[in-house]
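Observations on the three-dimensional arrangement
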Amino acid sequence: MPTSNSVSPCLLLSFAFDEKHYKGKCQVVKFSRHAKRRAKLYTIPESTVEKILADSDLSDGDHEVIRNVPGFKYPIKIVVSVESNAMTVITNYPLKKGRSQ
C-alpha cells in the first residue's frame, strides 16, 4: 500500500530517460539491458558513455564508436542505434582485441 512519501512508478519511468542535447539535437539516450550489464561488468559509468556520444556527430542508423577514455587501460567501444529523436546503446565494453597498451 503506497504511503504519502512514495513515488509513482510511472513518474519514475518518465525521469528514466532525460532529454539531452547532442550536437544541437535534442536526443533521448536509452541503454539496453545488455549495455547496462556490460557497463556494470566493466565499471563503465553511463555518464562516460553519454559524454562520448555527445561528442560524436551521428546520423540515423547503427554506429560503432571507439574512444580512448582517461582511467581505462583500453579504448571503450560503444555500439549505438540512432533514430530521429532517440539513441539506444546496444553494448559498450573495453576493446582489448588487437589493442595492446
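In this report, we go over the structure that sits alongside the text. (Residues numbered from 1 in each chain as written. Predicted model: local features only at pLDDT ≥ 70, side-chain atom pairs only at ≥ 80, totals over all residues. Heavy atoms only, no water.)

**A short note on the nonpolar core**
Applied cut-off: By convention a nonpolar core is built from buried Ala, Val, Leu, Ile, Met, Phe, Trp, Tyr and Cys residues, the set being connected through side-chain atoms within 4.5 Å. For the exposure calls, accessible area comes from a 1.4 Å probe over protein chains only, and a residue counts as buried if that area is under 20% of its type's maximum, exposed if over 50%, partly exposed in between. A run of H or I in DSSP counts as a helix once it spans at least four residues, and a run of E counts as a strand once it spans at least two, with each numbered from the N terminus. When checking whether two residues touch, look at their non-hydrogen atoms; a contact exists if any pair is within 4.5 Å.
Val-49, Leu-53, Leu-58, Ile-78, Val-80, Met-87 and Val-89 are the most contacted members of the largest nonpolar core, which has 17 residues in total. When residues of this core are traced back to their parent elements, those giving at least two are strand E2 (25–31), helix H2 (33–41), helix H3 (46–54), strand E4 (76–82) and strand E5 (86–94). The element best represented in this core is E4, accounting for four residues. What Val-49 contacts, discounting residues up to four positions off in sequence, is Phe-31, Ile-44, Ile-78, Val-89 and Asn-92.

**Thoughts on the pairing of E5**
Heads up, the condition is: Pairing between two strands is assigned when DSSP locates at least 2 bridges connecting them.
Looking at chain direction, E4 and E5 are connected through seven bridges and run antiparallel. Across the sheet, the residue bridging to Ile-78 is Asn-92, located in E5. Counted between consecutive antiparallel strands, the loop separating E4 from E5 contains three residues.

**Describing the pairing of E4**
Among the seven residues in E4, seven count as buried, and that is most of the element. Sheet topology places strand E3 (residues 61–67) next to E4; seven bridges connect them, and they run antiparallel. Opposite Gly-61, over in E4, you have Val-82 as the bridge partner.

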